Each structure stands twice: as structure tokens, then as C-alpha cells.
Amino acid sequence: MLVMRLIRSAAVFLIVAAALAAGGIAFAADYGQPVPWQMVFQKSAAPTMDDIIWFHDLVLYIIIAITVFVLALLVIIIMKFNATANPTPSRTTHNTLLEVAWTVIPVVILVVIAIPSFRILFVQLNTPPADLTIKATGKQWYWSYSYPDSKFEFDSILACDQSRQKCEPPRLLAVDNEMVVPVNKVVRMHVIGAEVIHAFAVPSFGIKIDAIPGRLNETWFKATREGTYYGQCSELCGKDHAYMPIAVRVVSEQAFAQWLADAKKKFARIEDEPATAVAAAGGAKTE
Ligand SMILES: [Cu+2]
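Residues numbered from 1 in each chain as written. Predicted model: local features only at pLDDT ≥ 70, side-chain atom pairs only at ≥ 80, totals over all residues.

As for the overall build of the protein
Line of reasoning, step 1. Summing up its helical and strand segments, the protein has five helices and ten strands in all.
Line of reasoning, step 2. A buried classification covers 21% of the 287 residues belonging to the protein.
Line of reasoning, step 3. Of all intrachain contacts in the protein linking residues separated by at least 6 positions in sequence, the fraction that spans at least 24 positions is 64%. (Helix = DSSP H or I, 4+ residues; strand = E, 2+ residues; numbered from the N terminus. Buried ≥ 20, exposed ≤ 12 C-beta atoms within 10 Å, placed from the backbone. Contact = placed C-beta atoms within 7 Å.)

A look at the pairing of strand β4 (residues 179-182)
Line of reasoning, step 1. Neither face of β4 is exposed, since Met179 and Val181 on one face and Val180 and Pro182 on the opposite face are all buried.
Line of reasoning, step 2. When β4 meets strand β10 (residues 245-251), the two strands line up parallel, connected through four bridges. Along β10, the bridge assignment pairs Val180 with Arg249. (Pairing = 2+ DSSP bridges.)

A word on the sheet that holds strand β2 (residues 142-147)
Line of reasoning, step 1. Taken in spatial order, the five strands line up as β3-β2-β1-β5-β8 in an open sheet, and their pairing is mixed. Strands at the two margins of the open sheet, each flanked by one partner only, are β3 (152-156) and β8 (217-222). Pairs of neighbouring strands in the sheet enclose a mean axial angle of 25 degrees, with direction left out of account. (Axes fitted to C-alpha atoms, helices over the stretch in contact; angles between N-to-C directions.)

Looking at the packing of helix α2 (residues 47-80) against helix α3 (residues 96-125)
Two numbers describe a pair of packed helices, the interaxial angle and the distance between the axes.
Line of reasoning, step 1. Their axes nearest at 10 Å, the elements α2 and α3 cross at an angle of 165 degrees. In terms of their interaxial angle, α2 and α3 are classed as roughly antiparallel. Two packed elements cross with a definite hand, and for α2 against α3 that hand is left-handed. Every residue of α3 that contacts α2 at Thr48, Asp51, Ile52, Phe55, Leu58, Val59 and Ile62 is listed here: Ile109, Ile113, Pro116, Ser117, Ile120, Val123 and Gln124. (Parallel < 35°, antiparallel > 145°, perpendicular 65-115°, else oblique. Left-handed = near helix turned anticlockwise from the far one by under 90°.)

A closer look at the sheet that holds strand β9 (residues 227-232)
Think of a sheet as strands paired side by side through backbone hydrogen bonds, with each pair either parallel or antiparallel.
Line of reasoning, step 1. Within the open sheet, the three strands sit side by side as β4-β10-β9. Their pairing is mixed. With one partner strand each, in any of the chains shown, β4 and β9 form the two edges of the open sheet. This sheet shows a mean twist of 25 degrees between the axes of neighbouring strands, independent of strand direction.
Line of reasoning, step 2. Bridging between β9 and β10 involves six bridges; their strand directions are antiparallel. Opposite Gln232, over in β10, you have Pro245 as the bridge partner.
Line of reasoning, step 3. Relative to β4, helix α4 (residues 253-266) is tilted by about 140 degrees, and along the sheet it contacts β4 and β10.

Re the nonpolar core
Line of reasoning, step 1. By size, the foremost hydrophobic cluster in this structure holds 40 residues, and its most contacted members are Phe200, Phe205 and Val248.
Line of reasoning, step 2. Secondary-structure elements contributing two or more residues to this core are β2, β4, β5 (186-193), β6 (198-202), β7 (207-211), β8, β9 and β10.
Line of reasoning, step 3. There are two domains that each give this core at least three residues, and those are domain 1 (2-85) and domain 2 (132-286). (Core = buried A, V, L, I, M, F, W, Y, C linked by C-beta atoms within 7 Å. Domains from an automatic or database assignment.)

Focus: the environment of Val180
Line of reasoning, step 1. By secondary structure assignment, the location of Val180 is in strand β4.
Line of reasoning, step 2. Residue classification places Val180 among the buried positions, given that 20 C-beta atoms sit within 10 Å.
Line of reasoning, step 3. Each C-alpha atom, one on Val180 and one on Thr228, is 9.0 Å from the other, the two residues being 48 residues apart in sequence.
Line of reasoning, step 4. Beyond its immediate sequence surroundings of up to four residues, Val180 is in contact with Arg249, Val251, Phe256 and Trp259.

A word on the pairing of β7
Line of reasoning, step 1. Inspection of the sheet shows β6 paired to β7 by five bridges, in the antiparallel sense. Note that in β7 the partner of Phe200 across the bridge is Ile209.
Line of reasoning, step 2. Taking the residues between adjacent antiparallel strands as the criterion, β6 and β7 are bridged by four residues, where Gly206 takes a positive phi near 70 degrees.

Structural notes on the confidence of the model for the protein
Line of reasoning, step 1. The predicted model of the protein averages 89 in pLDDT, with 87% of residues at 70 or higher.
Line of reasoning, step 2. Low pLDDT, under 50, characterises residues 280-287; the stretch is placed with ten contacts to residues that sit more than four places away or in other chains. (pLDDT = per-residue confidence, 0-100.)

Comments concerning unusual backbone geometry
Phi is mostly negative for residues that are not glycine, and the peptide bonds are mostly trans.
Line of reasoning, step 1. Cis geometry is adopted by the peptide bond preceding Trp141, which originates at Gln140 and carries an omega value of 0 degrees.
Line of reasoning, step 2. Tracing the backbone shows Trp141 in the loop between β1 (132-139) and β2.
Line of reasoning, step 3. Between Pro169 and the following residue, Pro170, the backbone shows a cis peptide bond with an omega angle of -10 degrees.
Line of reasoning, step 4. Looking at the secondary structure, you find Pro170 in the loop between β3 and β4.
Line of reasoning, step 5. Residue Lys151 is not a glycine yet carries a positive backbone phi of 60 degrees.
Line of reasoning, step 6. Among the secondary structure elements, Lys151 is positioned in the loop between β2 and β3.
Line of reasoning, step 7. Positive phi outside glycine occurs at Asn184, with the angle close to 55 degrees.
Line of reasoning, step 8. Within the secondary structure, Asn184 sits in the loop between β4 and β5.

This is the structure:
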């Protein structure tokens, strides 16, 4: 009975999956933003994300192998050792070889997972020599980007009207001023929170790091493809947590130099303005 039910469930699953595929529903992902019915990561546009996707796939294959193996054992037990098929059960209780095997094999599997896992962690946390530094400050509820080498800072606010009914596409991801970086350059990100904890995350670059008041966190990325990539605040930070997206525009080196020259004029800093006044002015903007 149980076997029949399992076969029937598997058949239903296959039919549903085939119907979805036939209906043209995309399980594939795109660069920089989510798509309907996406089943996998957003496409990678940075070496760190390549590593993360590779590692995810490795662990997925291991999980599939273990699950299939355990399921096969269960099916064998159900078929061969039920009361009808096996009326007089064996009284065996120990098997040294088997017990050593089921201790050692999981250890080996965990070591195989741990080695690339630690390697990727170190890659993420060791910033290579950077071509550019940007400081992202999480505020209630928007991001400010500061380019310390060029001495300017600007706010990046959701591009929607007050009621959030009229929004620029991609909805709830587009902002008025994107963070702009050059392609194929190492960007060092300094991330901090102004009043509560936020988190700076861009899936296509494989970065996610907390923005904590009073603590400067550091991460890095190297975007290998031009385009606009979106992320969202990834730490519950208050009522507008869902409305403080991160938009990063990756451009060629010449376009970046041009943008930098324009931005220096557009976002010229008012010297000697106290930090609290800047925060208050910014805060007023979102209300
Ligand atoms: Cu936030």
C-alpha cells in the first residue's frame, strides 16, 4: 500500500513539473534581479558568486546522493523485512565493520564539504588590494553612499511616489541615485548602520554583510559584467525595511570616470555640516 502511494505521489509530482515546464514558466534566473518562478540563484556577475554557486551545487549533489541512498535502504527494508515477507526476524545486534563505516563515511563527507566552504569564507573576508572604496551607510530607511577618495556622499532613495503605487521598474528595486562602480575593478565596501542594524546584500555579487551602528564592516566584490544589479536590506530594521533597495550600476572605466566627474559637482559636500544635521535632513526626505 505504502509503495503504491509513494509511486502515485511521484507520478503526480512529475505531471505537475512537466505541466509547469510546458506552460513556459521559467525556473531560470536573470542577472541582478529576481524573475517570476525563479528556482535558482540570480546569475553571477562576480567571482565570489561563481564560487558560492559552485559550492551550492556540490552540496546539492551530495544531498541528492544521500537522500536517494537512504530512500533505497528504506524501500528495501519495507519490501524485504515486513512481517509477511520475513516472519522470523534475525536477532543480530552488532556489526563492527558497518558501525565503523557509518561513522567514518559521514566524517569524510563533512571534511569534503568543509574544505571548499572555509576556502570561500576566507576569499570573502580577505579584501584584495582595492581599486575603489565605497562606504554604504544604512539609514532609516534608505542607503547613503560615500566615495571617500573623491569626497562626496549621496542618498539613494526608492524611486516610488509616497503611496508606492507608482514606481519605476523594476518595482521596489529602482532608486533615484544608484551606486556606480567600474567593471572588473576590486571595490572595497565599508558598511555601517546609522541608527539600527541593516544589512547590505547584492545577490549577483555574492555579498551580504550587516550594517551595524558603531562598527565598520568590510567586504568586497569585483563585478565582471556591465549592467544594473539590485539587492535589498537583509536585516529586519523597521517599518520600511522592504523599501530600501540597493542598486548598483556597473559601467565601463571611461563611463565611470565621467560619472565621477559629474557626481563630484552634483553631490558637492557642504563642508562642516554636522553629521546629525545630515541624518535629520535625509530622514525627513523619506517621511
Ligand atoms: Cu534596513
